[in-house]
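# Fold and geometry: a report
Given next are the chains, with one letter for each unit.
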Amino acid sequence: MPTIPSILGFGAIAIDDIVYVDQPLSAGKGKVLQSTRAFGGNVATALAAVARLGGTAGFIGWLASAADDAVQLDLVASGIETAFAPRHPDARPVHSRITVGSDGERFIAYDDDAMLGTAPDFPDDILSRATVLIVDSYATGSLDVVARACDLGLAILGDIEWSSGPATERLIALCDHLILPLSFARTATGRRSPAEMLDALWLPSRSAVVLTDGGRGVYYRGREETGLWHLPPHRVAVVDSTGAGDCFHGAYAHVLTRGADTAGRVAFAAAAAAVSLTGRGGREALPTEDQVTQLLASANAPSAVDLKNAHVDAGA
């Protein structure tokens, strides 16, 4: 039996049809420069980021029964352990169509009529030997597994982007490392400023709340931190933002297993995501640890600023 990885995850796994165009999306139309098909999905790409960085990662969501299933083969090729994933003949990935503009921004249209989550009887003896569980919004169908993982002492890293109601509220409550896009945090809390959102999402059980805001950087609060913090973005040449958020989550989980504090986790994850912006594709541009370390050591690497002293433009 293979060794159980330190970081497990279940949630979206996708096949992406990506089209690159010569104009920004705001132009309304543009010429196709390149078309490609790639494997993606929030949790799958986060786990691939862990593996690229040198960590151990395992996908434990539903996979198709066929041994030659393309999704499973891609996970293995990405360094992700699949031996512990439940199988079902009807399991299939989410299918996405992604348009990437000349400025690196993208629009994702997806069909998620698929079997997501994991087996309700997923074994505790496997969960208990991992350190981190990464879940996304689709984990609402497997809340009992998330709750058991939490009870077993795993850090629950939640990549939540949308709500399906009370089930999502329960999922958010189970996540001690809650990482949300700022746009969803605004919707979920009804608050406008990052500081208000961080406070509204904080619970005594949290280890960290992190709000990602693309080109405006990251806002965060940690259990061991005093105050609320803003980390400005790295200034890199953006080619494609596909998968950057997923890379952030994987990199955060990777250094979480190494004992980094909140500021260290956010800094490393933000640098990893920045490197991923400089290449095309959600998986192809995932960074190595050396690349992340090099960016963090660069002369223009940003430093976190107390939100009380930060000039914040968090968008509309």
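Structural notes, computed from the coordinates. All residue numbers refer to positions counted from 1 along the written sequence of the respective chain. Per-residue local features of the predicted model are confined to residues with pLDDT of at least 70, and side-chain atom pairs are confined, for both listing and counting, to 80 or more; whole-chain, interface and lining totals are unaffected and use all residues. No hydrogens and no water enter the side-chain calculation; it runs on all heavy atoms of the structure.

## Describing the packing of aromatic side chains
Aromatic rings in a pair are described by how distant their centres are and how their planes are angled relative to each other. For the record, the criterion: Stacked, tilted and edge-to-face are the three classes applied to pairs of Phe, Tyr and Trp rings, where Trp contributes its six-membered ring and a pair requires centres within 6.5 Å; stacked means planes under 30 degrees apart, edge-to-face means over 60, and tilted covers the rest. Helix and strand definitions here come from DSSP, where helices need a minimum of 4 consecutive H or I residues and strands a minimum of 2 consecutive E residues; each element is numbered from the N-terminal end. Classification of residues uses two cut-offs on accessible area relative to the type maximum, computed with a 1.4 Å probe and protein chains only: under 20% is buried, over 50% is exposed, and between them is partly exposed. We call a charge positioned above a ring when the Lys NZ or Arg CZ atom is no farther than 6 Å from the ring centre and deviates by at most 35 degrees from the ring normal.
Taken as a whole, this structure holds one aromatic pair when the rule is applied. Residues Tyr-138 and Trp-162 carry aromatic rings whose centres are separated by 5.1 Å and whose planes lie at 75° to one another, so their mutual orientation is edge-to-face. On the criterion of sequence distance, the pair formed by Tyr-138 in the loop between β10 (132-136) and α4 (143-151) and Trp-162 in the loop between β11 (155-159) and α5 (166-174) is long-range, its members being 24 residues apart. Owing to a relative accessible area of 15%, Tyr-138 belongs among the buried residues under this scheme. A cation over an aromatic ring shows up here: Arg-280 above the ring of Tyr-20, its NZ or CZ 4.4 Å from the ring centre.

## Here's the deal with the sheet that holds strand β1 (residues 7-10)
How we decide: Pairing between strands requires that DSSP locate at least two bridges from one strand to the other.
In space, the 10 strands of this open sheet follow the order β6-β4-β1-β10-β11-β12-β13-β14-β15-β16, with mixed pairing throughout. The open sheet has two free edges, formed respectively by β6 (80-81) and β16 (305-306), since each of these has just one partner strand. Of the pairings in the sheet, the one linking strand β12 (residues 177-181) to strand β13 (residues 208-212) comprises five bridges and is parallel in character. Counted as the bridge partner of Leu-180 is Leu-211 from β13.

## Describing the nonpolar core
Nonpolar side chains in soluble globular proteins tend to be buried together. To keep things clear, this is the line we draw: We define a nonpolar core as any set of buried Ala, Val, Leu, Ile, Met, Phe, Trp, Tyr and Cys residues linked to one another through side-chain atoms lying within 4.5 Å. We call two residues in contact when some of their heavy atoms are within 4.5 Å.
Counting residues in each nonpolar core, the largest one holds 48 residues, and the members touching the most others are Ile-134, Phe-248 and Tyr-252. With nine residues, helix α9 (residues 262-276) is the single largest residue contributor to this core. The residues touching Phe-248, leaving out its near neighbours within four places in the chain, are Ile-179, Val-210, Thr-212, Val-218, Val-266, Ala-269, Ala-270 and Ala-273. One finds Leu-133, Val-146, Leu-154 and Phe-184 within the second-largest nonpolar core, a separate group that totals 38 residues.

## Thoughts on the sheet that holds strand β2 (residues 14-21)
We count it as follows: Each axis is a line fitted through C-alpha atoms, taken for helices only over the stretch in contact, and angles between the N-to-C directions span 0 to 180 degrees.
Strand order in this open sheet of four strands is β3-β2-β8-β9, and the pairing throughout is mixed. The open sheet has two edge strands, β3 (32-40) and β9 (106-111), and neither has a second partner. Going across the sheet, the axis of each strand differs from the next one's by a mean of 15°, ignoring polarity. Sheet topology places β2 next to strand β8 (residues 94-100); seven bridges connect them, and they run parallel. Bridge pairing in β8 links Asp-17 to Arg-97.

## Points about the pattern of salt bridges
Operational definition: The working definition used for a salt bridge is a side-chain nitrogen of Lys or Arg within 4 Å of a carboxyl oxygen of Asp or Glu.
Applying the stated criterion across every chain, the model contains nine salt bridges. Notably, a salt bridge pairs Arg-92 with Asp-111, separated by 3.7 Å at the nearest N-O pair. Here Arg-92 is found in the loop between β7 (87-88) and β8, whereas its partner Asp-111 is found in strand β9, with 19 residues between them in sequence. Ionic pairing is found between Glu-289 and Arg-258, a salt bridge with its closest N-O pair at 2.6 Å. Taken together, the positions of Glu-289 in helix α10 (residues 289-296) and Arg-258 in the loop between α8 (244-256) and α9 put the pair 31 residues apart, joining distant regions of the chain.

Purely geometric stuff here, so don't read any function into it on its own.
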